[in-house]
Every structure is written in structure tokens, then in C-alpha cells.
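# Chain and residue survey
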Amino acid sequence: MSGNNEVTSVPLLDVVRDNQPLNEALVEAAARVIRSGQYVGGPDVQALEQSVAGFCETRYAIGCASGSDALLLALMAIDLQPGDEVLLPSFTFFATASCVTRLGGVPVFVDIDPLTFNIDVAQIESQITSRTRAIIPVHLFGQCAGMGDILDIATMNSIRVIEDCAQSIGATWCGRQSGGIGDIGCFSFYPTKNFGGFGDGGVMTTNDADLADRIRLLANHGMRPRYYHQAVGLNSRLDSIQAALLNVKFPKLGEWTVARQANAAFYQKAFTEAGLGGFLKAPVAEPECAHVWNQFTIRIPGGQRDAVRQKLNEARIGAEIYYPVPLHKQSCFSEFNTNRTTLVETERASNEVLSLPIFPGLNTAELEYVVDRLQMILCGRESSLRRVA
Ligand SMILES: *Cc1c(COP(=O)(O)O)cnc(C)c1O
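A short tour of the structure in this document, coming up.

There is a patch of nonpolar side chains on the surface, built from Leu-13, Val-15 and Val-16 and spanning about 220 Å² of accessible area. For Val-15, the position within the fold is in helix α1 (residues 15-19). Exposure remark for Val-15: the relative accessible area of 32% places this residue in the partly exposed category.

On to the packing of aromatic side chains. The tally for this structure, following the rule as stated, stands at 16 aromatic pairs. Consider the rings of Phe-189 and Phe-195, whose centres lie 5.5 Å apart with planes at 90°: the pair is edge-to-face. Look at Phe-195 and you get buried, because its relative accessible area is 1%. On the basis of an interplanar angle of 35° and a centroid distance of 4.8 Å, the ring pair of Tyr-267 and Phe-296 is categorised as tilted. Pair noted here: Tyr-267 is in helix α9 (residues 253-273) and Phe-296 is in strand β11 (residues 296-299), with a separation of 29 residues, a long-range link. The same class applies to Tyr-267 as to Phe-296, namely buried. Aromatic rings pair up to connect Phe-91, Phe-93, Phe-117, Phe-141, Tyr-322 and Tyr-323 into one cluster.

With that settled, the discussion passes to unusual backbone geometry. In the segment running from Arg-224 into Pro-225, the intervening peptide bond is cis, with an omega of -10°. Checked against the element boundaries, Pro-225 lands in the loop between α7 (209-218) and α8 (240-249). Going from Tyr-322 to Tyr-323, the amide bond is cis rather than trans, its omega being 10°. One non-glycine residue with positive phi stands out, namely Ser-158, at about 50°. Within the secondary structure, Ser-158 is located in the loop between α6 (147-157) and β5 (160-164).

Conventions adopted
- Residues numbered from 1 in each chain as written.
- Predicted model: local features only at pLDDT ≥ 70, side-chain atom pairs only at ≥ 80, totals over all residues.
- Heavy atoms only, no water.
- Patch = residues over 30% accessible without salt bridge, like charges linked within 9 Å, V, L, I, M, F, W, Y side chains within 5 Å.
- Areas by Shrake-Rupley, 256 points an atom, 1.4 Å probe, with all protein chains shown as cover.
- Salt bridge = Lys/Arg side-chain N within 4 Å of Asp/Glu carboxyl O.
- Helix = DSSP H or I, 4+ residues; strand = E, 2+ residues; numbered from the N terminus.
- Buried < 20%, exposed > 50% of the residue type's maximum accessible area, 1.4 Å probe, protein only.
- Phe/Tyr/Trp six-rings, centres within 6.5 Å; stacked < 30°, edge-to-face > 60°.

The quantities given are spatial measurements derived from coordinates; they are silent on function.
As C-alpha cells, this is what we get:
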């Protein structure tokens, strides 16, 4: 898109635009797999697993069918038993908790830190019981949770740490890559993620040889050798064609992350210059974290979020709410909403958050258009909204 063209719309996400420079190589890779006859596993999957392990600085990476399956397989690998409790935030995507309940486990929801949207590490210890087996910190929106405290608590209480890295590939905490900090890292290749494929896919990372072996077994029907089943596993493997396409995209991951970070920096600076600080709260990157901005999520306090979103959508700007209903309020989890604590910050976030376009291919004119419209909506003369924050 040329900067001369006047911008009249900005999508929340444009995967076609981001993939465009690679189209030829992608088509060629798909054609090669089609001709090869190897459609599950094989050298393309092995190459991707090696790239991911190298990138995450872990000894092992094991492909699977989705990020949701990665979480499920991780809990199966640590042998989660019915009745076992798993600590996790309620302010996250559904799959962070469904992996627990599918195994008969009990999700114990912990409130979030209002600044980072990640699990509030100060509220973890009080939720630990003799049944607690694991904690699933989610590196939400692309920023690592407070892993220092989480690792300390986990070690002291002998519980496992399963990182939900679906939104955080490339994010670091104290210089360490997400996915290599806890016992197992679970990544998603869903198209909207920072390393998105062309369908579903996922990968797990670990430094533990026994866990890696167990995960590989469980992802393939617990079958070893062929047609002899040691455990009841899943059929959850990464398709060769997904791996081949992701291998084409992998060399660009760093560049795309830098573009997301530049877009985030643009918004942060422009919001300050436009004097929007009194009307919205921009997201905060912690000093010990490299944020990879899967989402750029602002807060609009004062009950005006939905009106702002509607006006943005009327201006043809994609803006979405992640997540409108926290997990402890989902009807399918009503039996687990035991109110051991009230999740004040989780519920507040659900009412205030709004995610803006941040994808790598955005151009400056589009970013300016988003800021201009936000300024008009929030503090323009035609705006009926009150100054609240
Ligand atoms: C996307 C996502 C998942 C699930 O990944 P899928 O590949 O879609 O199954 C899990 N957790 C979080 C936080 C996610 O954003």
C-alpha cells in the first residue's frame, strides 16, 4: 500500500498481506510436499522442530495439531489425575482451562495484575493446596508473566510449570525465551498468532528428556512400537504441509516481531503526543520483558469501551475484545467458579480492554489513521464521551 493513498480502513489483522512477500516460496513448498507423498511427520516437521528448539533455546520441540492440544498433551505428560488442581488465570483464551477439565482436573482461577493482564503472582500462594499439581502462566498478548516468583513458588511446592506461549513466541523474561523457562512451553501456529500457519498446528518445548519422550509418545496414540500401545494418547501431529510452510516463514519471524514492536512504540508515542493519556490506558511493557505484541490492548475505563469500539468499527478500524467473558464466568465452567477469591481485576479488564491493529504489515498512514480516529472519538468536539481517567 502506498503512503499517498488516503486510508479509509484498517483491518485488525491481514495475514494475506503479511504472507505476501513469501507467496512464491510458500506455493513451491506446498507443491513439494504434495509431490513427496509424505503428509504427516517427516523431514519438514523435524526441521521445524529443530528451528523452534533452537529459537526457544530448549533441548526439545515436539510438533502437534494445535496449541490447545499442546496444553492438553503437556498435562497428560505430567500425568495430571482427576481431582488434581491447576492454577491459572481466568483472563485468557478458553483452551488454557479446558485442557485441565478434559482430564478431570480442577482449574483454580487466579486474578490478574491490572498492569500486565498476566496472572497476579502475589495471589498464587494462597491458592495452593495439597491437590495442586501445576500452574499454567499465560504470557498474554505477547508479554511474559512474572516467571521469577512463579518458578520460586513452583519449586517450593513441587508443582509443575506449563507455560501457555500461544501468544508469546519470541517474548523473553530476563533474557530467557518463553517456552524455555518452565517445565513445558505450549505454542500455537493458529493463523492469528505471531508465527501463524495456514490452518491449525502447535508445538511443545522442554529441556526434560523424559517429558519430551512422553509427549512424543502421547501425541501419537501412545503407540511404540507401531500398533503396540503403552498409553492412551491422542492423534495430534503436525501436518508436513504446515511444517513446510512454517519453515518458509521462520526466517522472517524476527523481522515481523521487530515490526510489531515498532508499531507498538508508534502508538505509545502518538497517544502521548495526542494527549490521550487521560482517556485511555496504553499497555505497559515490563522492563525485564521483551514484549512481542500479539495484541496491542488498551483500556477504556468508565463504561465507554463498547461505544468506542463501535465508533472505531464505524470508521472501518478493526478493534476486538480479548476477552469479553472471563473463564470463571463461562457457563461450562460454572462448577469451578468456587469464589475462593473474587476476580476483581479480571472482571474489570473484561469490561475495559480493546485490542487495536498491530500486525507487522501495517503502514504509517494506517497507524496515523487509527490514532486520529481514536483522538476524534475520545476527545474530539463531536465526541459525546466524558473524560474519565
Ligand atoms: C490461541 C490460544 C490457545 C490455543 O491455540 P490453538 O492453536 O488455537 O488451539 C491457547 N492459549 C492461548 C492463550 C491462545 O491465545
